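For reference, the chains in residue letters:
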Amino acid sequence: MSVGADLGYRPDVNSTEALSSWPTVGVAGARGMVGGVFCSILADAALPAECLRAFGHEEGNTVEYRGASVPVHVLTDERARELDVLFLAVDGPQSREIMAGPGVSVPLVVDNSSAFRLADDVPLVVPEANAHAARNRRGNLIANPNCTTAAVVVALAPIRDLAGLESVDLASYQAVSGAGRTGVDAFEAERGTSHRDRAADSPFHGRIADSVVPQIDVLDDAGWSGEENKIHAELRKILELPSLDVAATTVRVPVHTGHSAALHIRTERQTTIGELEAALRRAPGLEYRPADGSERHPMPLDIEGRDPVLVGRLRAIPGRDRGFALWVSSDNLRKGAALNAIQSAVAADPDRFGRLLPPPR
Ligand code: 2RA
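Every chain is numbered on its own, with residues counted from 1 as its sequence reads. In keeping with the predicted nature of the model, local features appear solely for residues at pLDDT of at least 70, side-chain atom pairs appear and are counted solely at 80 or more, and the whole-chain, interface and lining totals rest on all residues.

What follows concerns the packing of helix H2 (residues 33–44) against helix H11 (residues 334–348). Where H2 contacts H11, the two axes come as close as 9 Å, and the packing angle between them is 50°. In this view, H2 runs oblique relative to H11, as classed from their interaxial angle. The handedness of the crossing between H2 and H11 is right-handed. Mapping the contact onto sequence places Val34, Val37, Phe38 and Ile41 in H2 and Arg334, Ala337, Ala338, Leu339 and Ile342 in H11. Classification used: nonpolar for Ala, Val, Leu, Ile, Met, Phe, Trp, Tyr, Cys and Pro, charged for Asp, Glu, Lys and Arg, polar for all others including Gly. Of the residues belonging to the contact of H2 with H11, the class tally is eight nonpolar, no polar and one charged. Angles shown run from 0 to 180 degrees and are taken between the N-to-C directions of axes, each axis being a line fitted to C-alpha atoms and, for helices, limited to the stretch in contact. The helix count covers DSSP runs of H or I at least four residues long, the strand count covers runs of E at least two residues long, and both are numbered beginning at the N terminus. Roughly parallel means an angle under 35 degrees; roughly antiparallel, over 145; roughly perpendicular, 65 to 115; everything else is oblique. By definition, turning the near helix anticlockwise from the far helix through less than a right angle yields a left-handed crossing, and turning it clockwise yields a right-handed one. For every residue pair, C-beta atoms are placed from the backbone, and the pair is scored as a contact if these atoms sit within 7 Å.

In a beta sheet, neighbouring strands are held together by backbone hydrogen bonds and run either parallel or antiparallel to one another. Here, a strand pair is defined by DSSP locating no fewer than two bridges between the strands. Strand order in the open sheet formed by six strands is S10-S9-S11-S14-S13-S12, with mixed pairing between adjacent strands. A strand with exactly one partner marks an edge of an open sheet, and here the two such strands are strand S10 (245–252) and strand S12 (286–289). Adjacent strand axes in the sheet meet at a mean angle of 20° when their direction is disregarded. Relative to S10, strand S9 (residues 165–174) runs parallel, the two being bridged by eight bridges.

With that settled, consider the site of the ligand. The rule is simple: place the C-beta atom from the backbone, and if it lies within 6 Å of a molecule or strand, the residue is near it. Near the ligand the following residues occur: Asn146, Cys147, Thr148, Gln174, Gly178, Ala179, Ile216 and Glu227. Its residues placed into classes, the shell around the ligand shows three nonpolar, four polar and one charged.

Our next topic: the nonpolar core. Only buried Ala, Val, Leu, Ile, Met, Phe, Trp, Tyr and Cys residues enter a nonpolar core, and they are joined through C-beta atoms within 7 Å. For every residue, the other C-beta atoms within 10 Å of its own C-beta are counted; 20 or more classify it as buried, 12 or fewer as exposed, and values in between as partly exposed. C-beta atoms are placed from the backbone. Judged by nonpolar contacts, the single largest core of 99 residues is most densely connected at Val153 and Val328. Per-element accounting of this core gives the leading share, eleven residues, to helix H6 (residues 147–163). The source of the domain bounds is an automatic or database domain assignment. Mapping this core onto the domain boundaries places at least three of its residues in each of domain 1 (2–145 + 337–356) and domain 2 (148–175 + 214–330). Residues contacting Val153, with those up to four places away along its chain left out, are Val126, Ala129, Leu235, Ile238 and Leu239. By size, the runner-up hydrophobic cluster in this structure holds nine residues, among which are Ala175, Ala186, Phe187 and Ala199.

Split into domains, the protein chain comes out as domain 1 (2–145 + 337–356) and domain 2 (148–175 + 214–330). Here the C-alpha centre of domain 2 lies 28 Å away from the C-alpha centre of domain 1. Opposite the eleven residues of domain 1 that make contact, domain 2 presents 16 residues. Of all the secondary-structure elements, those providing two or more residues to the side of domain 1 that touches domain 2 are helix H5 (127–135) and H11.

In strand S6 (residues 85–88), alternate side chains face the same way, and those of Val85 and Phe87 on one face and Leu86 and Leu88 on the other are all buried. Direction of pairing for strand S2 (residues 25–28) relative to S6: parallel, over a ladder of four bridges. Across the sheet, the residue bridging to Val25 is Val85, located in S6.

A score between 0 and 100, pLDDT records how confident the predictor is in each residue. A residue-level look at the protein chain finds 95% of positions with pLDDT of 70 or above and a mean pLDDT of 94. Low pLDDT, under 50, characterises residues 1–14; the predicted model gives this stretch 33 contacts beyond four residues in sequence or across chains.

Backbone geometry at Asp210 places phi at a positive 65°, although glycine is not the residue there. Given 12 C-beta atoms within a 10 Å radius, Asp210 is considered exposed.

Structure (structure tokens):
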């Protein structure tokens, strides 16, 4: 994995003063798909290689970062004590293990797994909607939401602030990279084959090439998928609307990167398309594309590798009082994972971590 090598940067090992002004940043799961995006964003921010610590299951690997080979270590108590911030790009059980051990001594941990998202004492943060939750946290842990939740929240927060929100119905169109490398590998293996079989190691519930799969994660007794239940609970928590009426159908689509969602919402108070457009145009983290045909509608290929959530196709639903439809697309590995986590660390402590955010893409 080579990250940021094209920037031509060579670490200035003589400048201890320059190095000490940077935080020491750990990435657990650094060799995974989301871990790689963390490293890429930190490289764009020019975090020196000396200030990056990469962690994984075993010793002996390296991550190529800005022209340097950063060794991958197992996270120990001693190594954790060096860190100012730790980003967890690992699964829920591993996050729990880290937070029951070395993670306790790190001043700030941002966890990308679902392990702590709904814990009362852990803020679940999308800074565009609830940066105050990161600033006012009681412990050292911030949870990062599900990738679809993060994108949808960026679009809904300005609408909540303008006119309140009564209900949100959504259908998602989620890229294969949301399932990590095994998802991408299954898609690549199936793509171009003429049979209708699913790849042997596919994490999906059916063949994804040339198809769509209307189930992400396991179904509960009532038939809702884990992904749908996450979106339901996480939207309520982040938007601080505990009785928001939410229904989601989550669907895997044959797209490499970029999750999209079709939203049908009902606001609490009367508003107009004009007022909604104005609110979306000035909202942070969002690029609004009018539905009048003057711009291309938001699409995954337009957002891969970029920061904002693209919002478009805004329209009033005929015959439905306070009913509106809109469409969002976002990079599930950036705003849906690594970028949002880094932004949350910055929201928690702008003075210490502000330098970790690169120029916007
Ligand atoms: C998915 N939400 O797309 C998940 C990724 N964390 O499968």
